[in-house]
Structures are given as C-alpha cells and as structure tokens.
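Structural features, examined
So you can see what is in the structure, the chains are spelled out below.
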Amino acid sequence: MASPASPSSRLAWVDISNVIAMLCIVWGHVPCAAVDSIKPARHIFFTVPFFLLAGITFRLYTDKYRCTGHSHLHIIGRRLRSMLTPAVVFYLLFYVLWLAFGRTLAGDTEAPLKPLIDFLTGQPSTVLAAYWFLFCLITMQTAFYLLHVVIPRKTPLAVLCGLMPLALLWPGIPDCYQIGPALKFIPFLVMGWYIGAREYRPAALCGTLAYLILLPQYALGIDVRTELIAIPLGLLLLALIVILAKALGARYGRPWLIRTLRYGALVILATQNYIIGFVRILLDRLVAPDFLLQHYALKPLVVLLVYLITLPLILLIRDHCPWVLGKRRPSPQT
C-alpha cells in the first residue's frame, strides 16, 4: 500500500491548484456570447477539477485529524461546521441585501420567503446560487465519509461510488440538498480522496466506472453527450492545472497571495457572481444592453476586479472575524 500524502502540512501544489481552479470558475462565470451556447458543457468542464481537488483536500484533512487520534464523529463534525458556518453567514447576508435592493435591481419576481425555503432545502437559486457547490460538497463528503467508515476496503467502496450516478436514472430522486448533483459528481470527489493518498488504482476504478456507465445510456438514446465530452476535457484541465501548480510550487512554495486566496476560497465563491452581475448591469445601463456579453476583451478585467474587491474582504475576515469561515485566527507564521 502506498504511503499517504503528509497530513501534517499543506502541499503547495494542492493549494495552488485550488486557487487556479477557483480562477477558472470565476473566469467561466463572466458572461460571454461566444460560449453561452455550450453552458452545460462548460459547467461540467470546470466542476470536475473542482470536486476532484476537493477530494484531495478532504483526504489530507481527515488524515491530519486521524493521526492526532480524533474520532470519526469529531472529524466529520468539524468538517461540517467549517462548511455550514460560511453557508449560513453569507446566505443570510446576501438574503438581507436581496430584500433591501437586490430584488428590485435584478427584477426578481420570487416571493420574499423563497430564498429561505431554498436555503433550508439546500437548493440555492435566487440568492447565493454559486453555493450550490458548497451544499453539494456537504452532502457528498458526509455520505462518503460515512460509507468509508462502514466499508473500509478500497475496491468495494470505489466500485460503489463509481456506480452511484446510475441512481440518477431513478425518477424519484429527492429535489433537495443537491442530492442529484452529488450523485453525479461523487466519483470525482472519491477519485481525489484516493489520489490524495497516492492510491491510484481505486481512484482509476471509480472514475472509469462512472464514465463507462454513460455509454449504455447514450446507446439507449439518453442525452449524456455533454458528459461524455466534457468529463475528459475537465480531467485534461485538471492535469494542466496540477502540472502548472507543481511547477509554481517547486519554485515559489506557498507565497502570501496563494495562502490568502486559498483561505478565502468560499468568500470568492460567495461574492464573485454579485460583482460580475453588478458590472454587467452597470454596463447595460451606462453603455449598451449586453455590452459585457458581447465584448470578450472585458473578461480578464472583470475577473481582476473580482479579486481586487474580494481580497480586502478576505483579509478583514481572516484578521478580525475568522469565525465567518468556521476558522480560528491563524498563527503569525502561516
């Protein structure tokens, strides 16, 4: 059995990979008429690397706490707290802002209480829609960790998780807590989990099964063409991200900017769509309708603006209210 990656310290390339993956997410969310027609494929293309990296990070996290003798209940409880706290804080913040002026500005017609119902069912759409990823991650990590405790053997667990997308063929999947997306993407989280411990065989088995079950669906006339094309492209994107991250990590380690952006990943995820949306509305009203959508050259400028606005907010949270992200104030040497 291969030795697991060191749980005692963060690997530089993992943090750099996550920062680059988040940059890709922000880039993909800036509207562009040239790629709007392939929006579903783009969604999978960017999401696959994100969940795979989340699996690697989850494995490093659990190994760290298991090495210090913590119970399974403590590990999953701490993990849930670190995700649920920012989910509650940012959702309530943006819900209040939506009630105050966002609802009018965006022309939303939803009932005032609908966002609260969305939150309680784990299906954010009107407010903080980007946090579907966080709710999905909560569902996936909780389910997988419990399965990992019950089924400690790698091969049966990898097979089970690789076949989970088959459950989407059942029409009775509950429409709550991102169960549908969790079933679709859990093989990639599990692949990352095993890759994080350099256990490549179960990772490959899980991913291969998840992909192969698409082929008979396609043969039966089920529309899975987007997944068939976008998943390999997403894995290719991940490979490019990791190669770049390892090169940067070997040369620069974990510089201040990488540590800060990694620390505030959920802040970026929460704010980026609102910043992008505000810029889009502003350009629509001051210049011309769909100005941002039609001018691809503005994309990098909007992405840069997202980070320039969000970085001070991350520093504010880190230094004065880290509890917002379910964290403690970092020690001076980090």
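Bear in mind that the values here come from a model prediction, so they are computed numbers and not experimental data.

The rules behind each value
Residues numbered from 1 in each chain as written. Predicted model: local features only at pLDDT ≥ 70, side-chain atom pairs only at ≥ 80, totals over all residues. Heavy atoms only, no water. Helix = DSSP H or I, 4+ residues; strand = E, 2+ residues; numbered from the N terminus. Rg over C-alpha atoms; globule rule 2.2 N^0.38 Å. Buried < 20%, exposed > 50% of the residue type's maximum accessible area, 1.4 Å probe, protein only. Contact = heavy atoms within 4.5 Å. Areas by Shrake-Rupley, 256 points an atom, 1.4 Å probe, with all protein chains shown as cover. Arc of directions from axis to C-beta. pLDDT = per-residue confidence, 0-100. Core = buried A, V, L, I, M, F, W, Y, C linked by side-chain atoms within 4.5 Å. Salt bridge = Lys/Arg side-chain N within 4 Å of Asp/Glu carboxyl O. Patch = residues over 30% accessible without salt bridge, like charges linked within 9 Å, V, L, I, M, F, W, Y side chains within 5 Å. Expected span 1.5 Å × (residues − 1). Disulfide = S-S within 2.5 Å. Phe/Tyr/Trp six-rings, centres within 6.5 Å; stacked < 30°, edge-to-face > 60°. Lys NZ or Arg CZ within 6 Å of the ring centre and 35° of its normal.

1. Quick look at the overall build of the chain
Counting its regular elements, the chain contains 14 helices and zero strands. Along the chain, helices (α) and strands (β) appear in the sequence α-α-α-α-α-α-α-α-α-α-α-α-α-α when read from the amino end. Here the C-alpha atoms of the chain give a radius of gyration of 20 Å, agreeing with the 20 Å that 2.2 N^0.38 yields for 334 residues. For the C-alpha atoms alone, the extent of the chain along its principal axes is close to 60 × 60 × 40 Å. By the burial criterion, 46% of the 334 residues in the chain qualify as buried. Considering only residue pairs separated by 6 or more positions, the chain has 75% of its internal contacts joining residues 24 or more positions apart. When the accessible surface of the chain is summed, it comes to about 16,800 Å², and 69% of that surface belongs to carbon and sulfur atoms.

2. Things to note about unusual backbone geometry
The phi angle at Leu128 is positive, at roughly 50°, despite the residue not being glycine. Relative to the assigned elements, Leu128 resides in the loop between helix H4 (114–120) and helix H5 (132–150).

3. Remarks on helix H6 (residues 154–163)
Listed as buried for H6 are Leu157, Ala158, Cys161 and Gly162. One side of H6 holds all its buried residues, which, seen down the axis, span an arc of 130°. Structurally, H6 contributes buried residues whose contacts are with H5, helix H7 (179–195) and helix H8 (200–212).

4. Observations regarding the confidence of the model for the chain
When pLDDT is averaged across the chain, the result is 89; 94% of the residues are at 70 or more. Counting interchain partners and residues more than four positions distant, the pLDDT-below-50 stretch residues 1–8 has 18 contacts.

5. Topic: the nonpolar core
Core analysis: the biggest nonpolar cluster contains 98 residues, and Met22, Phe51, Phe90, Tyr131, Met140 and Phe144 have the highest contact counts within it. When residues of this core are assigned to their parent elements, the largest contribution, 13 residues, is made by helix H2 (residues 39–67). For Phe144, the residues in contact, after removing those within four places along its chain, are Phe58, Leu157, Cys161, Ile186, Leu189, Val190 and Trp193.

6. Quick look at the pattern of salt bridges
Applying the stated criterion across every chain, the model contains nine salt bridges. With its nearest N and O atoms 3.3 Å apart, the salt bridge here joins Arg59 to Asp63. Here Arg59 and its partner Asp63 are both found in helix H2, four residues apart, which amounts to about one turn of the helix. Here the two residues Arg59 and Asp63 agree in accessibility, since each one is buried. Of the charged contacts in the structure, one is a salt bridge between Arg59 and Glu199, with a shortest N-O distance of 3.5 Å. Placement of Arg59 in helix H2 and of Glu199 in the loop between H7 and H8 is noted, with a sequence separation of 140 residues between them. Of the two residues, Arg59 and Glu199, neither departs from the other in class, the shared state being buried. One salt-bridge network, in which partners are shared between bridges, spans Arg59, Asp63, Arg66 and Glu199.

7. With respect to the environment of Pro181
Topologically, Pro181 is positioned in helix H7. What makes Pro181 partly exposed here is its relative accessible area of 26%. The sequence separation of Pro181 and Leu99 amounts to 82 residues, and the corresponding C-alpha distance is 28 Å. Not counting residues within four places of it along the chain, the set of residues in contact with Pro181 comprises Trp132 and Cys136.

8. Thoughts on a nonpolar patch on the surface
There is a patch of nonpolar side chains on the surface, built from Leu93, Leu97, Phe101, Leu105, Phe278, Leu282, Leu286 and Val287 and spanning about 750 Å² of accessible area. Looking at the nonpolar patch, the elements that each hand over two or more residues are helix H3 (72–106) and helix H12 (265–286). Tallying contributions element by element places H3 first for the nonpolar patch, with four residues. Relative to the helices and strands, Leu282 resides in helix H12.

9. Here's the deal with H5
Between the first and last C-alpha of H5 there are 27 Å, a value that for 19 residues agrees with the 27 Å anticipated at 1.5 Å per step. Those residues of H5 that fall on the buried side of the exposure criterion are Trp132, Phe133, Leu134, Phe135, Cys136, Leu137, Ile138, Met140, Gln141, Phe144, Tyr145 and His148.

10. Concerning the state of the cysteines
Considering all chains together, one arrives at zero disulfides under this definition. We note that Cys136 lacks a disulfide partner, and the nearest cysteine sulfur, in Cys176, lies 12 Å from it. Cys206 takes part in no disulfide bond, and the closest cysteine sulfur to it belongs to Cys161, at a distance of 5.6 Å.

11. Topic: the packing of aromatic side chains
Taken as a whole, this structure holds 18 aromatic pairs when the rule is applied. Here the aromatic rings of Phe90 and Tyr131 are separated by 6.4 Å at their centres, their planes lie at 75°, and the arrangement is edge-to-face. Taken together, the positions of Phe90 in helix H3 and Tyr131 in the loop between H4 and H5 put the pair 41 residues apart, joining distant regions of the chain. Three or more aromatic residues link up through ring pairs in this structure, and these residues are Phe50, Phe51, Trp132, Phe133, Phe185 and Phe188. The cationic tip of Lys246 hangs over the ring face of Trp13; the distance from NZ or CZ to the ring centre is 4.9 Å. Positioned above the aromatic ring of Tyr263 is the side chain of Lys327, whose terminal nitrogen or guanidinium carbon lies 5.3 Å from the ring centre.

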